[in-house]
Amino acid sequence: MEIVKRPHVENFIAWAADKPEVVVLTADLTNSSEVGKWRDTYPDRFFGMSMAEQNMMGFASGLAREGYVPYIHTFAVFIYRRPYDQLAMSIAYPNLNVKFVAFLPGITTPGGVTHQAIEDVSIMRATPNMTIVETGDATEVESVLDVAHAVDGPVYIRMLRGEVPRLFPKDEPMRLDEVRMLSDGEDVVIITAGITTEEAMRASVPLADAGIGVRHLHVSTHKPLDDPMILESIARSRYGVITLENHTIIGGLGSAVAEKMADAGSGKRLLRLGLRDTYAHGASRAYLMKEYGLDAAALVAGVEELTGIDTGITENDLAEARVEATHSLAKAEGL
Amino acid sequence: MTSPDTQNDWRVETQAVADRIRVRVLDHVLSHNGGYMSQALSSAEIFAMLYTRVLDLGPSTAPMIPQPFAGVPGADNQDFFNGGAYNGPKAAEYDRFIFSPAHYALVLYTTLIEVGRLSEDGLEQFDKDGSTVEMIGAEHSPGVETTTGSLAQALSQAGGIALARKRRGDTGKVWVMMSDGEFQEGQTWEAISEAAKFDLDNLRIVVDVNGQQCDGCMDAENYVDPLTGRIRAFGASAVEVDGHDLDALDAAMSMETGKPHFVMALTDPVRGLPIFEERAPLLHYLRFTSEDERDRYRAVYEEMVN
């Protein structure tokens, strides 16, 4: 597996070269949001807004009203938590062209509870006019800008930084509201987004070896979430569907799938894996994914619960699978 | 060479607009048995100054009778009507008016009527179901360009507009009307600090310092004095004036300081309607408690119009 170092840095610079309307605002997290080189390349389009997120939302609103397209770069928690009223009233209500590049989704940071965006998808889903996308690999980090830019309105991007795996071919970019089918099988549907997709991919070979047919769907658009493949896949599954999200299981991907199933009158079972209505704490990503049941082992346990089949898959099988993806053992990124 | 009389003309017209704002709002409060009265009394000269003397606006591009509510902004409503159209077209040379304390909506609508940008019949739609002439306006309401009923969000938005206009080289200014209660919100101080940092000398703010808020008196003695100094300490310029003195307002509002500039208009929340003082310190909203009380206000109204 190819590991790409900081794919956003150069990609964003090249992408913005012929888009003079694109400006960047950040709240004292320039290098932490991988826009230090962007600032040096386009200093007249970069605005450091100090540690003042409420005001930053208003300035972004005003710039958008005048025809600029602000790309706010900061940590996710400082977009949807601290300045939510400003985000909702100054940007989302008037449906302005502001893009939120939200770093450190879920437990991807060792920064602990204050830095971990665990309910952002839930809150943004409940915000009218908001489009929500999430990057799961380097190809999506590189193509999400086109997706966001094409939307005439606010877009919230769960963004990955640092060392990012390339799971999808470079010539298969992210597309709005299109899921990717990464494996196919008749027994169980597994739906993942962001970093949990990689976990599910690690489990796919052992699960196939154990005779479990898995249709694995990767979601990169949380809202809208209307790709018919989701309900079609669930309808044809033997045992039902498992969602695995780097987020609380209340209001995020699992809830969205539950809503769709209920609306459609689906009689299939749904198992929602993710943070179980809890905050997390500061530790490495691999440690937290294991502790809170967001990893491949948790997924295998979920498959066993849903199917009632003992797969015989051991920690060792998954540990072997992990070796290929050494980046997950890489040193935790600094803040 | 203009004669002293000609020089006085603008004062006569501006004061007339201010007086008519008070009368029309009182009339409205009487007929509707309630309304934001003190806001009109304290800010009548501020709004009259803005719309007759200070703001450089083009003619309104909006209908004299407001259109009904046609949906919130969104992907399925791309032709959303923005109430800023009542302040004329957006153009490099024109000023922009950003209205912050949305609870003053009745004062703004009334001002638009008095300066000929809105039909007086438009006020018939005030607070009526399906109307854009809302009690607390949003950006579909006449004269309202940004949605600011969640207080203290306008200055930041105006800062973004001013920053964009400065980058473009627009000569027009961005004027914000604020209330003093909004200086209790932290966002206001973030905005002042950043506006000063970006040298937004095209950003001008007039504040109705009436010392009133929803729960009552803000204790102006202790609040106003440090307020102006605090604004200066944050890097903007600020001057205090009598908010009912047209010459003082004119001088303060035409200052060029090279910084974001605040005009702190010290005002009287019962100006022109001394009977209202009976209600002190709760002046935020006037609703009559008896027919007798309403009759006493009606008598004052009759004196004002005759």
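Predicted, not measured: the structure shown is a model, and the values here were computed from it. (Residues numbered from 1 in each chain as written. Chains lettered and ligands numbered in written order. Predicted model: local features only at pLDDT ≥ 70, side-chain atom pairs only at ≥ 80, totals over all residues.)

**A short note on the interface of chain B and chain A**
Across the boundary between the two partners, chain B contributes 21 residues, which contact 26 residues of chain A. Of all elements in the fold, only α4 (154-168) and α5 (186-197) of chain B reach the threshold of two or more residues within the side of chain B that touches chain A. When residues in the side of chain B that touches chain A are grouped by element, the largest group, 9 residues, is from α4 of chain B. By residue class, the composition of the side of chain B that touches chain A is 8 nonpolar, 9 polar and 4 charged. (Contact = placed C-beta atoms within 7 Å. Helix = DSSP H or I, 4+ residues; strand = E, 2+ residues; numbered from the N terminus. Nonpolar A, V, L, I, M, F, W, Y, C, P; charged D, E, K, R; others polar.)

**A word on the confidence of the model for chain A**
When pLDDT is averaged across chain A, the result is 94; 95% of the residues are at 70 or more. In this model residues 322-335 of chain A is a low-confidence stretch, pLDDT under 50, and it forms 21 contacts with partners more than four residues away in sequence or in other chains. (pLDDT = per-residue confidence, 0-100.)

**Some remarks on the sheet that holds strand β3 (residues 46-48) of chain A**
Residues and elements named next belong to chain A. The mixed open sheet is built from 7 strands, whose spatial order is β3-β2-β4-β5-β7-β6-β12. Each edge of the open sheet is held by one strand with a lone partner, namely β3 and β12 (221-223). On average, each strand axis in the sheet is tilted by 20° relative to the strand beside it, whichever way the strands run. Alignment of strand β6 (residues 131-134) against β12, held across 2 bridges, turns out to be antiparallel. When the sheet's bridge partners are listed, I132 is paired in β12 with K223. Contacting β5 (99-103), β6 and β7 (155-159), helix α7 (residues 138-150) crosses the sheet at an angle of about 175° to β7. (Pairing = 2+ DSSP bridges. Axes fitted to C-alpha atoms, helices over the stretch in contact; angles between N-to-C directions.)

**Some remarks on the pairing of strand β10 (residues 188-193) of chain A**
Residues and elements named next belong to chain A. Of all 6 residues that make up β10, 6 are buried, and the element is covered over most of its length. Direction of pairing for β10 relative to strand β11 (residues 214-219): parallel, over a ladder of 6 bridges. What sits directly across from I190, in β11, is H216. In this view, the connection linking β10 to its parallel neighbour β11 by way of helix α8 (residues 196-209) has right-handed handedness. For β10 and strand β13 (residues 240-248), the ladder comprises 5 bridges, and the chain directions are parallel. Note on β13: the bridge partner recorded for V189 is V241. (Buried ≥ 20, exposed ≤ 12 C-beta atoms within 10 Å, placed from the backbone. Right-handed = clockwise from strand over helix to strand, strands pointing away.)

**Details of the domain arrangement of chain A**
All names here are of chain A. What the domain assignment reports for chain A is domain 1 (3-165) and domain 2 (180-329). Of note, the centres of domain 1 and domain 2, computed from C-alpha atoms alone, are 27 Å apart. Contact with domain 1, which involves 26 residues of that partner, is made by 31 residues of domain 2. Elements with a minimum of two residues in the side of domain 1 that touches domain 2: α6 (120-125), β6 and β8 (163-165). Take the side of domain 1 that touches domain 2: its biggest share by element is 4 residues, from β6. Residues of the side of domain 1 that touches domain 2, tallied by class, amount to 11 nonpolar, 9 polar and 6 charged. (Domains from an automatic or database assignment.)

**Let's talk about the packing of helix α9 (residues 229-236) of chain A against helix α10 (residues 253-264) of chain A**
Residue and element names in this part refer to chain A. Two numbers describe how α9 lies on α10: the axes approach to 11 Å, and their chain directions differ by 70°. Put simply, α9 runs roughly perpendicular to α10. Listed contacts from α10 to I230, L231 and I234 of α9 are V257, K260, M261 and A264. Class assignment of the residues belonging to the contact of α9 with α10 gives a composition of 6 nonpolar, no polar and 1 charged. (Parallel < 35°, antiparallel > 145°, perpendicular 65-115°, else oblique.)

**Quick word on α5 of chain B**
All names here are of chain B. Counted at 1.5 Å a residue, the expected span for α5 with its 12 residues is 16 Å, and the 17 Å between its end C-alpha atoms agrees. Those residues of α5 that sit buried are Q187, T188, E190, A191, I192, E194, A195 and A196. Positive phi appears at D199, one or two residues downstream of α5, with a value of about 50°. (Expected span 1.5 Å × (residues − 1).)

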